[in-house]
Amino acid sequence: MLRVCDLSLRYPSGKLALTGFSLEVLPGELVVVLGGNGSGKSTLLRCITRTLKPSAGEVWLDGINLCALEGEKLRQARLGLAMVWQQVSLVRRTSVLANVASGALGRYSTLRTVFAGLPADELEAARDHLADVGLAPLAAQRAGTLSGGQAQRVAIARALAQRPRVLLADEPVASLDPEASEEIMRLLQKLAHSEQLGVLCVLHQIELAYAYADRVIGIRNGQIAFNLPRSELSRDAVRQLYLSEAA
Amino acid sequence: MSVDAAQAGAGGVRGPGNSSGSNSGTWGGAVGTAIRFVLILLGIGIVVQTFIVVEARPQDLITGVHGMADLIRRAVPPDFSKLPAAVWPTLQTIDIALFGTMVGVIIAVPLAMLAASNVTPSRLAYYIARAIIGLARAVPDLVWALLFVTAVGLGPFPGGLALGVHSVGMLGRLFAETIEQMDMAPIHALELTGARRIQVFSHGIIPTILPSLLGISLYRLDENIRSSLVLGFVGAGGIGFQLLTAMNLFQYQEVSLLLIIIFVIVLAAERLSAALRAHLD
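Residues numbered from 1 in each chain as written. Chains lettered and ligands numbered in written order. Predicted model: local features only at pLDDT ≥ 70, side-chain atom pairs only at ≥ 80, totals over all residues.

## Considerations on the overall build of chain A
Per the secondary structure count, chain A includes nine helices and 10 strands. Against the 2.2 N^0.38 benchmark of 18 Å for 247 residues, chain A shows a C-alpha radius of gyration of 18 Å, consistent with a compact globule. Summarising its shape, the C-alpha atoms of chain A cover approximately 55 × 40 × 30 Å along the three principal directions. Looking at chain A as a whole, 44% of its 247 residues qualify as buried. If you take every contact in chain A between residues at least 6 apart in sequence, the share linking residues at least 24 apart comes to 70%. (Helix = DSSP H or I, 4+ residues; strand = E, 2+ residues; numbered from the N terminus. Rg over C-alpha atoms; globule rule 2.2 N^0.38 Å. Buried ≥ 20, exposed ≤ 12 C-beta atoms within 10 Å, placed from the backbone. Contact = placed C-beta atoms within 7 Å.)

What follows is the structure in structure tokens.
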């Protein structure tokens, strides 16, 4: 599904943000990436989505190397990757349903969507995705009126409307209270397991990683410190990850 | 350091260093006072030179009060029999402003997309769009009206065109600034869903900034109604042209009627625009 091979990124300043980074996310698997501030977690996601162009390495999604593509071909290939952000990324003045349905825009022509809107079955599908995240009654509500937790669930529903094979989440619970954070993680786990979606989630909350991840990747100074199934992950290894970051 | 020692260091002992510090304080105060004095003189100088340059003669206001009173006496009562004849020019004036605003909005929106640094497709497009907006804004609407009167002749059409072009400049700049100030997180998120540039524009940018765009456009319409009155003076039709004609023919009672109509139009446009903008907020 998603395979990252020897990915490296060097900034124009010369700083090496990622070095020979490799990982794999399988269908139905929730992989959590842990690491301190500036360790390269978000940079990794940006390289995978190609919002940053890696200096070296490959990102394979369903047999297509995203790093070898540009322009329209890259856009098409990237449709299989959905992203959920740390900050609320909804269009606040449109309805919740319109926000969710906008995840399907990339599959339709510009002329069609601008002048005729999305087809009715896409709107129905958007309602179903809203129901999946438990927010069906809020379909007509303005997105700007939602709480942080609700907004994040709508963002996940929008990602589902994209019909991705892999869902990337960059600290999706960073600004949420503990209860809302648990809700989001439960939802990501459910989507991974029941929809056979590959989920790669960057987190700062170690306890959430222990509770929900199938596999945990530790990242330190742009390199993999460990890549272990949750059952094999020791608290000492995680502590070491953050201690060495502090050092 | 003990408290006593600290006090001594701070001024308890008067040595050469302390003395010089005190002098420096005095000099600082003197320089500050001198700067304030110069600034006050400069301010007075600016005010005086404006009186000289505009050849201000306040005494003429007193000696000329008879002329003003005579003008007002001849202007009352307003000649309401001319009201039916003023209806069409009034409609023309309003429609010149509406036409100019619509043309301005239609051209300014895509131009602002190119002229907003955060969404422009290229630096070249950015500079070209900024240049067009700058040119449209820099040339006053009155000059545009004179140019268009020369090109297409007298009447409301050149007035509408003049306001349209000038509005492109004003609206283009304000729209671009609005786009530059908007929250880009939803836009980046939409881009990553695979939406194309125009889809991001129609489903992300426009809904986000629509209330601001409408508010700015309504404000511009309000401004254009005032401007369209003046444009009539250079032959661009509307009630302004009728006002000029009445003044030239010394028909002061008609002038006062037209001034009442202008007052009502301007006030109504201002109130309507303010009410609609309040509704948008």
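The discussion continues.
## As for the sheet that holds strand β7 (residues 166–170) of chain A
Residue and element names in this part refer to chain A. Across the sheet, six strands lie side by side as β6-β7-β8-β3-β9-β10; this open sheet has mixed pairing. Every interior strand has two partners, whereas the edge strands, β6 (81–84) and β10 (223–229), have only one. Across this sheet, the average inter-strand angle for adjacent strands is 20 degrees, counted without regard to direction. Of the strand pairs in this sheet, strand β3 (residues 30–34) and strand β8 (residues 198–202) are connected by four bridges, and their pairing is parallel. The partner of valine 32 across the bridge, within β8, is cysteine 201. Relative to β8, helix α7 (residues 178–194) is tilted by about 155 degrees, and along the sheet it contacts β3, β7 and β8. (Pairing = 2+ DSSP bridges. Axes fitted to C-alpha atoms, helices over the stretch in contact; angles between N-to-C directions.)

## Quick notes on helix α9 (residues 185–192) of chain B
Within α9(B), six of the eight residues are buried, leaving the element largely enclosed by the surrounding structure. All of the buried residues in α9(B) are B:Pro186, B:Ile187, B:Ala189, B:Leu190, B:Glu191 and B:Leu192. Among the structural elements, α1 (41–49) and β6 of chain A together with α10 (197–231) of chain B are those in contact with the buried residues of α9(B). Positive phi appears at B:Gly194, one or two residues downstream of α9(B), with a value of about 100 degrees.

## Some thoughts on the interface of chain B and chain A
Between chain B and chain A, the residue contacts involve 16 residues of the former and 21 residues of the latter. Residue assignment for the side of chain B that touches chain A shows that the elements contributing at least two residues are α9 and α10 of chain B. It is α10(B) that provides the largest number of residues to the side of chain B that touches chain A, a total of seven residues. Grouping the constituent residues of the side of chain B that touches chain A by class yields eight nonpolar, seven polar and one charged. (Nonpolar A, V, L, I, M, F, W, Y, C, P; charged D, E, K, R; others polar.)

## Things to note about the sheet that holds strand β1 (residues 2–10) of chain A
Residues and elements named next belong to chain A. The strand order β2-β1-β4-β5 describes an open sheet built from four strands, whose pairing is antiparallel. Taken across any chain shown, the strands that pair with only one partner, and hence form the sheet edges, are β2 (16–25) and β5 (64–65). Across six bridges, the pairing between β1 and β2 is antiparallel. What sits directly across from leucine 9, in β2, is leucine 18.

## Here's the deal with the domain arrangement of chain B
Taken as a whole, chain B is organised into domain 1 (15–53) and domain 2 (85–280). Inter-centroid distance (C-alpha atoms) of domain 1 of chain B to domain 2 of chain B is 47 Å. (Domains from an automatic or database assignment.)

## Things to note about the nonpolar core
Core analysis: the biggest nonpolar cluster contains 124 residues, and A:Val32, A:Val154, A:Leu167, A:Leu168, A:Val199 and A:Cys201 have the highest contact counts within it. Other than its neighbours up to four places away in sequence, A:Val154 contacts A:Leu90, A:Val96, A:Asn99, A:Val100, A:Leu135, A:Ala143 and A:Leu146. Core analysis: the second largest hydrophobic core is formed by nine residues, B:Leu229, B:Leu243, B:Ala246 and B:Ile261 among them. (Core = buried A, V, L, I, M, F, W, Y, C linked by C-beta atoms within 7 Å.)

## Observations regarding the environment of A:Asn65
Residues and elements named next belong to chain A. In this structure, asparagine 65 sits in strand β5. Along the sequence, asparagine 65 and alanine 77 sit 12 residues apart, while their C-alpha atoms lie 8.8 Å from each other. Among all residues touching asparagine 65, those that are not within four sequence positions of it are Glu58, Val59 and Trp60.

## Quick word on the pairing of β3(A)
Residue and element names in this part refer to chain A. Across the five residues that make up β3, a large majority, five, are buried. Burial along β3 is two-sided: Leu30, Val32 and Leu34 and Val31 and Val33, pointing in opposite directions, are all buried. Relative to strand β9 (residues 215–220), β3 runs parallel, the two being bridged by four bridges. From the neighbouring strand, leucine 34 faces β9, where its bridge partner is glycine 218.

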